[in-house]
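# Breakdown of the fold
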Amino acid sequence: MGLLDRFRGGRGASRSVARESASEVSALADWARTRRGVEAFVEPKTTVTDVTAVLVAADGEWTRRIVGEKGARRLAGALKIPVYDVNRTGYPQRMRDFDARRRIEQRRAREAELGE
């Protein structure tokens, strides 16, 4: 398969997309198995990306992957974790808190580098 065949709809393009989706779902499953209290939040399709799943752990750590609508629901069912529609529930506060802590830690690390 050529480099641009995937975008042209060339031979093997659908297999390539299916393989990528399967690897994304696999990566999410591995991530969820190594964390506690994981919940899935399904983000809608946009003009730029397909349906994505955001997994959020109990401590607020999160990861996002493109999985498609069926992939997100299947993943949540297989892992036996709750799944929410982000348009209805929004993102959990612990996710925003985790990001804020991470920004503070990064800023302090930069300041420590400059101060030394």
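Residues numbered from 1 in each chain as written. Predicted model: local features only at pLDDT ≥ 70, side-chain atom pairs only at ≥ 80, totals over all residues. Heavy atoms only, no water.

## A short note on the pattern of salt bridges
- As enumerated under the stated definition, the model contains seven salt bridges in all.
- Its salt-bridge partner being Asp-30, residue Arg-33 comes within 3.6 Å of it at the nearest N-O pair. Placement of both Arg-33 and Asp-30 in helix 2 (residues 13–33) is noted, with a separation of three residues, approximately one turn of the helix.
- Assessed through its relative accessible area of 59%, Arg-33 is described here as exposed.
- You can call Asp-30 partly exposed: its relative accessible area is 45%. (Salt bridge = Lys/Arg side-chain N within 4 Å of Asp/Glu carboxyl O. Helix = DSSP H or I, 4+ residues; strand = E, 2+ residues; numbered from the N terminus. Buried < 20%, exposed > 50% of the residue type's maximum accessible area, 1.4 Å probe, protein only.)

## Focus on the nonpolar core
- One finds Leu-28, Val-38, Leu-55, Leu-75, Leu-79 and Ile-81 to be the most contacted residues of the largest nonpolar core, which totals 17 residues.
- For Leu-79, the contacting residues outside a window of four places in its chain are Ala-29, Ala-32 and Arg-33.
- Val-54, Val-56, Val-86 and Met-95 belong to the second largest nonpolar core, which has five residues in total. (Core = buried A, V, L, I, M, F, W, Y, C linked by side-chain atoms within 4.5 Å. Contact = heavy atoms within 4.5 Å.)

## Re helix 5 (residues 93–115)
- The end-to-end C-alpha distance of helix 5 is 33 Å, a good match for the 33 Å that 23 residues give at a rise of 1.5 Å each.
- Among the residues making up helix 5, those that are buried are Met-95, Phe-98 and Asp-99.
- On the buried face of helix 5, the contacting elements are strand 2 (52–56) and strand 3 (62–66). (Expected span 1.5 Å × (residues − 1).)

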